[in-house]
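Tertiary structure, described
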Amino acid sequence: MSLQNVIKPLATARGLPNEHYISADMYAREREVLFFKNWSAVAFESDVKIPGDAFPVDFMGVPLLLVRAKDGAVNVFQNTCRHRGMILVDEPTHLKGPIRCPYHSWCYSHEGKLVRTPYVGGVEIDTHEAIKPAELSLFAIKSHIWHGVVFVNISGDAAPFEEVHKDLLKRWSEFQQPYHLGGTASRFDMKVSANWKLAIENFCESYHLPWVHPELNEISPISVHYPIDDSSGYAGQGSRNYNQLVGKDDRRFPDFKNLSPIWEKQAEYVSFFPNVLMGVHRDHTYATILMPQSSEETFERGALFYADKHIDTPQWQDLLKENTRIWQDVFSEDIGVVEGMQKGRNGPMFDGGKFSPVMDGPTHVFHKWVARQMQSNE
Ligand code: FES
Ligand SMILES: [Fe+2]
């Protein structure tokens, strides 16, 4: 089936064909086109909290290394030694000195410069004219931090992040302010036996709310939701009935600063292509990074963020845990349908499905994004 059918108007379009969900070859093509050529999320900024923290990431098979440098910058490198290609750091660590390769001890600064090459010219001779450190820095990966998430562009030739994502940056400009992870109480991980796209698609629509999230639908019913489908780089849904969590003694999380009154009751949730699910509320935001493992397996890493920099302190722990639990429950409720759609796509007669012209606009935005990028990179 042709991708031409995907980019038709919503009422006549078909969804992406099955092969985009179950074929290893298609997964490999999407990895190059959708992930490596775009800005993809690979980690949270909080994975490298203080200077010297190093965090390795296996990003769809590419070994990356995040290092928090002395000046506070988060540097991203390919996690590969320039000598014989040894993996440099294979578990999260705090570096007391340079990045030292465990094989022959070549050392790199936290900026990626090759600073020591012991015995490279023979025993006790640490230099050789053929080894020019200036040419042997770690391979740097273009990166950008937004909303607590570290994005990378592996191909190195994407337009700047702010340009590619100007629509959402504008839409959420009021939320462009400091975020603080609520500590370990505000992190959750999940494994989903489904293609990464199904998690994106499920998150961007509210159509399933009454049947998959009956409790959430009581508080924030489908009738107060609206679709967000007016851009090509993200899609989602909003609610006009956000109610803050209230703890003991009427305690509530502090609001982000200077938000317009509309955000008192409004919350928005978008799938940010290719691989982040994000939500913003007056008093917290969250991001779930999708780390595809294969065409049919996805690892999800979630984190919740707050306005107050002292949020990770004892008096907030109960409320932090409760808020994480609420969202984790919602995400867990979605697993069944996301995995169910994956199973359904092994039915050879499935033809991409039929969109509701009213309820499925956001999903169609995502399918068009995939189809256009795949077509223009054929
Ligand atoms: S492979 Fe790293 S120093 Fe030899
Ligand atoms: Fe859901």
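Calculation notes
- Each chain carries its own residue numbering, running from 1 in the written order of its sequence.
- Chains carry letters and ligands carry numbers; both start at the beginning, A for chains and 1 for ligands, and go up in the order they are written.
- Note on the predicted model: pLDDT of at least 70 is required for a residue's local features to be given, and 80 or more for side-chain atom pairs to be given and counted; whole-chain, interface and lining totals, by contrast, use all residues.
- Remark: hydrogens and water are excluded; side-chain values derive from all non-hydrogen atoms of the structure.
- Here, a strand pair is defined by DSSP locating no fewer than two bridges between the strands.
- Numbered from the N terminus, helices here are DSSP runs of H or I no shorter than four residues, and strands are runs of E no shorter than two.
- Listed donors are limited to N, O and S atoms within 2.8 Å of the metal, widened to 3.2 Å for Na, K and Ca; water is not among them, so incomplete-looking sites are possible.
- For a four-donor site, all angles between 85 and 135 degrees give tetrahedral; for four or six donors, opposite pairs above 155 degrees with the remaining angles between 65 and 115 give square planar or octahedral; all remaining cases count as irregular.
- For the exposure calls, accessible area comes from a 1.4 Å probe over protein chains only, and a residue counts as buried if that area is under 20% of its type's maximum, exposed if over 50%, partly exposed in between.
- To count toward a patch, a residue needs a relative accessible area above 30% and no salt bridge. Like charges then connect within 9 Å, nonpolar side chains (Val, Leu, Ile, Met, Phe, Trp, Tyr) within 5 Å.
- Each accessible area is a Shrake-Rupley estimate made with a 1.4 Å probe; only the visible protein chains count as cover when residues are assessed.
- Any Lys or Arg side-chain nitrogen located within 4 Å of an Asp or Glu carboxyl oxygen qualifies as a salt bridge.
- For helices, the fitted line uses only the C-alpha atoms of the stretch in contact; every axis is such a line through C-alpha atoms, and the angle between N-to-C directions lies from 0 to 180 degrees.
- Oblique is the label for every angle not falling under 35 degrees (roughly parallel), over 145 degrees (roughly antiparallel), or within 65 to 115 degrees (roughly perpendicular).
- Note on convention: near helix rotated counterclockwise from far helix by under a right angle means a left-handed crossing. Clockwise means right-handed.
- Whether two residues are in contact is decided by their heavy atoms: any pair within 4.5 Å suffices.
- Three categories are distinguished: nonpolar for Ala, Val, Leu, Ile, Met, Phe, Trp, Tyr, Cys and Pro, charged for Asp, Glu, Lys and Arg, and polar for the others, with Gly belonging to the last.
- One less than the number of residues in a helix, times 1.5 Å, gives the span that helix is expected to have.
- To pair, rings of Phe, Tyr and Trp, with the six-membered ring standing in for Trp, must have centres within 6.5 Å; the planes then decide the type, stacked if under 30 degrees apart, edge-to-face if over 60, and tilted in the middle.
- The criterion for a charge sitting over a ring is simple: Lys NZ or Arg CZ within 6 Å of the ring centre, and within 35 degrees of the ring normal.
- In this text, buried Ala, Val, Leu, Ile, Met, Phe, Trp, Tyr and Cys residues form a nonpolar core when linked through side-chain atoms within 4.5 Å.
- Each domain's limits were defined by an automated method or a database of domain assignments.

Time to look at the sheet that holds strand E7 (residues 107-108). Spatial strand order, E6-E7-E8: three strands in an open sheet with antiparallel pairing. The open sheet has two free edges, formed respectively by strand E6 (99-100) and strand E8 (114-116), since each of these has just one partner strand. Sheet analysis places E7 next to E8, joined by two bridges and oriented antiparallel. When the sheet's bridge partners are listed, Cys107 is paired in E8 with Arg116.

It is worth spelling out the coordination of the iron ion (ligand 2) at this point. The iron ion (ligand 2) binds to the protein through His208 (NE2), His213 (NE2), Asp334 (OD) and Asp334 (OD); the donor distances cover 2.1 to 2.5 Å. Its four donor atoms give the iron ion (ligand 2) angles of 55 to 144° at the centre, a pattern that matches the irregular case. Sequence spacing of the donor residues for the iron ion (ligand 2), all on one chain, is H-x4-H-x120-D. Note on His208: relative accessible area 12%, which makes it buried.

Bringing a nonpolar patch on the surface into the picture now. A grouping of Tyr207, Trp211, Val358 and Met359 is seen on the molecular surface, where their side chains present a nonpolar patch of about 450 Å² in accessible area. With respect to the secondary-structure elements, Trp211 resides in helix H6 (residues 209-212). For Trp211, a relative accessible area of 62% gives the class exposed.

Next up on the list: the pattern of salt bridges. Counted under the stated rule, the structure contains 14 salt bridges. For Arg31, the salt bridge goes to Glu32, with nearest N and O atoms at 3.2 Å. On the basis of relative accessible area, Arg31 is assigned to the partly exposed category, the value being 21%. With relative accessibility at 40%, the residue Glu32 sits in the partly exposed group. Residues Arg171 and Glu268 are paired through a salt bridge, measuring 2.9 Å at the closest nitrogen-oxygen approach. Of this pair, Arg171 sits in helix H4 (residues 166-171) while Glu268 sits in strand E15 (residues 267-272), and the two are 97 residues apart along the sequence. Using a relative accessible area of 28% as the deciding quantity, one classes Arg171 as partly exposed.

This next bit is on the packing of helix H5 (residues 196-203) against helix H8 (residues 317-344). Contact geometry for H5 and H8: axes closest at 9 Å, N-to-C directions at 125°. The orientation of H5 relative to H8 falls into the category oblique. Between H5 and H8 the crossing geometry is right-handed. Between H5 and H8, the contacting residues are Leu198, Ala199, Asn202 and Phe203 on the first element and Phe331, Asp334, Val337, Val338, Met341 and Gln342 on the second. Taken together, the residues that form the contact of H5 with H8 break down as seven nonpolar, two polar and one charged.

Let's shift gears to helix H9 (residues 361-376). The terminal C-alpha atoms of H9 lie 22 Å apart, and with 16 residues this matches the ideal 22 Å at 1.5 Å per residue to within 8%. The element H9 is largely enclosed, with a buried count of twelve among its 16 residues. Residues Gly361, Pro362, Thr363, His364, Val365, Phe366, His367, Trp369, Val370, Ala371, Gln373 and Met374 constitute the buried set of H9.

On to the sheet that holds strand E9 (residues 142-146). Spatially, E1-E10-E9 is the arrangement adopted by the three strands of the open sheet, whose pairing is antiparallel. Single-partner strands in this sheet number two, and they are strand E1 (40-44) and E9. This sheet shows a mean twist of 35° between the axes of neighbouring strands, independent of strand direction. Two elements, E9 and strand E10 (residues 149-153), share five bridges in a ladder whose sense is antiparallel. Following the sheet pairing, Ser143 is matched in E10 by Val152.

A few words on the packing of aromatic side chains. For the coordinates displayed, the defined rule picks out 30 aromatic pairs. On the basis of an interplanar angle of 50° and a centroid distance of 6.1 Å, the ring pair of Trp146 and Phe161 is categorised as tilted. With Trp146 in strand E9 and Phe161 in helix H3 (residues 161-164), this residue pair connects regions lying 15 residues apart in the sequence. The class for Trp146 is buried, based on a relative accessible area of 2%. A residue is classified by how much of its surface remains accessible, and Phe161, at 1% relative accessible area, is buried. Sitting over the face of the ring of Trp316, Arg251 holds its NZ or CZ atom 4.6 Å from the ring centroid. Above the ring of Tyr21, the side-chain terminus of Arg345 is found at 4.6 Å from the ring centroid.

The subject of this paragraph is the nonpolar core. In terms of nonpolar packing, the biggest core is built from 94 residues, with Phe59 and Phe151 touching the most fellow members. Residues from two domains meet in this core; each of domain 1 (3-39 + 170-376) and domain 2 (43-146) gives at least three. Among the nonpolar cores identified, the runner-up in size contains 15 residues, and Val67, Cys81, Val89 and Ile99 belong to it.

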